[in-house]
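Coordinate inspection notes
Okay, here's what each chain looks like letter by letter:
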Amino acid sequence: MSIPVVDLSAYSLTRGPEQVRNPSPEQVRDLSLELHAAFTRVGFVFLQNTGITQHEVDHVLEVAKRFFLQPEELKRAVSRGSFSGSPNHGWVSLETERLNPRRPGDLKEAFNTTSLHLDTDWSSGALADFRDTQRWFFLRCKELSLRLLRLMALSLDLDPERFLSAHRLVGTDKNSTTLRCLYYPPVDPEMVQQNQLRCGEHSDYGSITLLFQSSEGLQVRSRSGEFLSVPVVPGAVLVNIADLMQRWTSDRFVSVLHRVLLPPAGDLAARQSLAFFLQPDDEAVIDCCDGSNKYAPVTSGAYLLQRFSQSNLTCTHLAAVP
Ligand SMILES: O=C(O)CCC(=O)C(=O)O
Ligand SMILES: [Fe+2]
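This write-up is about the structure you can find in this document. Note that this is a predicted model, so its numbers are computed, not measured.

1. A word on the overall build of the protein
Of the regular secondary structure elements, the protein holds seven helices and 14 strands. Taken against the 2.2 N^0.38 rule, which gives 20 Å for 322 residues, the C-alpha radius of gyration of the protein at 19 Å falls within 12% of a compact globule. With the C-alpha coordinates of the protein rotated into their principal frame, the extents come out at 55 × 45 × 40 Å. The burial tally for the protein puts 41% of its 322 residues in the buried class. Considering only residue pairs separated by 6 or more positions, the protein has 76% of its internal contacts joining residues 24 or more positions apart.

As C-alpha cells, then:
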C-alpha cells in the first residue's frame, strides 16, 4: 500500500469559488473517482496543486517554531484550559498527551487554535505575529477543506451540500475545528522511556484532517495491519478521513490508525507539523448518509465530548502496542 497522489488543480484555491462551482463534468468525475478510491481503500491522500504553497507552510512552521522555543513560563501563560469558552485552545506541554494510552506520554508539544473570535490576546511578548499567522492559516485550511467536502459528497453520489451544510460555523465557538501546531523537540535517546513515541497510535475524530509535515516520521496502518512510513511530498497536503466521517459514511470512507516514530539513531533534529482537524458544527446531527441505521444519529459536539472523556482530552482508539 502507498498513499495515492491526486492533482487538485481543478479545485485549487487559486481558482475563484465561481469556477470551482462550475468545473467540467470530466474534471469532477475524475477527481471524485480518485478521491473515492483513496478514501475507501487507504483513508489518506496526498493532494497536489491545492493553492496552499510550500512557501506558506514554511512560513507558518517558522513562526510556530519561534513560539515553541520561548521559555516555558511564557508558554505556560497560554496553556490549554486557560481560555474560558474555548477549553481546547492553547499550549500543550511535552508528554501531557498519550494518544495511545498504553504508551508513555507523547514526546511532543502542541498549540491549538480553536476559535477565531477569542477576545483574549494569547500571543505573548515578541510573538504578536503568531496569532495572526495561526488565524490566517486556519482560514486557508478551512477554505480548502470545504472544497474537499463538496467533492467527497459528489464521489458518493450525494447532494454536494450533504457534508458542507454541517460545517457552516467553522472558526466560531459553535464549532470545534482546530488548527494544531506540533513541535517534536530533539530526542535524547538516554531519556526516552520504554515504548515511548513522538505520537502514539490513534485515529482522528472529526470529519477530515489536513496535515503538513517538515520531515518524515509519520506511519499509517495499512489494511494488512502493518505500519508503513509516509514520505514527505513537498508542496502537497496530506488529507485523512477521521472517525466521524467514517461513521457518517457507514464505514465507506475509512479512518485509519497512524503514529509518529522517534527519529532514527543519531538524528538530533526537531520535527514540526501542522494539523487542521475539521469538525462539523457542534449542533450538527451526523446520521448515516446512505440512509441506513448502521450508527445511531449523534451530534458532532456530543460525539467529541464522548471521545474526549474516553481519552482525557486526547483522541484515540485503544491500539495494542505492537
Ligand atoms: O505530526 C504528524 O505528522 C501527525 C500528527 C497527528 O497525527 C495528530 O496530531 O493527530
Ligand atoms: Fe492524527
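Picking up where we left off.
2. Considerations on the environment of T249
With respect to the helices and strands, the residue T249 is situated in the loop between α6 (243–248) and β11 (258–260). Note on T249: 23 C-beta atoms within 10 Å, which makes it buried. Considered as a pair, T249 and M152 are 97 residues apart in the sequence and their alpha carbons are 10 Å apart. Residues in contact with T249, not counting those within four places in the same chain, are L156 and C289.

3. Looking at the sheet that holds strand β2 (residues 44–48)
Strand order in the open sheet made by the eight strands is β1-β2-β10-β7-β12-β5-β4-β3, with mixed pairing throughout. Two strands lie at the open edges of the sheet, namely β1 (5–7) and β3 (90–92), each paired on one side alone. In this sheet, neighbouring strand axes are inclined to one another by 25 degrees on average, regardless of whether the strands run parallel or antiparallel. In this structure, β3 lies alongside strand β4 (residues 109–113), joined through three bridges in antiparallel fashion. Paired with W91 across the two strands is F111, which belongs to β4. The strands touched by helix α5 (residues 128–155) within the sheet are β4, β5 (178–184), β7 (208–213), β10 (237–241) and β12 (271–278), with β7 carrying the most contacts at an inclination of about 130 degrees.

4. Thoughts on the pairing of β12
Across the eight residues that make up β12, a large majority, eight, are buried. Alternating positions in β12 separate into two faces, R271, S273, A275 and F277 on one and Q272, L274, F276 and L278 on the other, with burial throughout. As defined by bridge partners, β5 adjoins β12 across seven bridges and the pair is classed as antiparallel. Bridge assignment links T178 to a residue of β12, and that residue is F277. Where β7 meets β12, six bridges bridge the pair, whose relative direction is antiparallel. Residue pairing for β12: L211 is matched across the bridge by A275.

5. Topic: the site of ligand 1
All residues adjacent to ligand 1 are L182, C199, D204, L211, Q213, L218, H258, V260, S273 and A275. Secondary structure elements with two or more residues in the shell around ligand 1: β7, β11 and β12. Looking at side-chain class alone, the shell around ligand 1 contains six nonpolar, three polar and one charged residues.

Here is what the cut-offs are and how they apply
Residues numbered from 1 in each chain as written. Chains lettered and ligands numbered in written order. Predicted model: local features only at pLDDT ≥ 70, side-chain atom pairs only at ≥ 80, totals over all residues. Helix = DSSP H or I, 4+ residues; strand = E, 2+ residues; numbered from the N terminus. Rg over C-alpha atoms; globule rule 2.2 N^0.38 Å. Buried ≥ 20, exposed ≤ 12 C-beta atoms within 10 Å, placed from the backbone. Contact = placed C-beta atoms within 7 Å. Pairing = 2+ DSSP bridges. Axes fitted to C-alpha atoms, helices over the stretch in contact; angles between N-to-C directions. Near = placed C-beta within 6 Å. Nonpolar A, V, L, I, M, F, W, Y, C, P; charged D, E, K, R; others polar.

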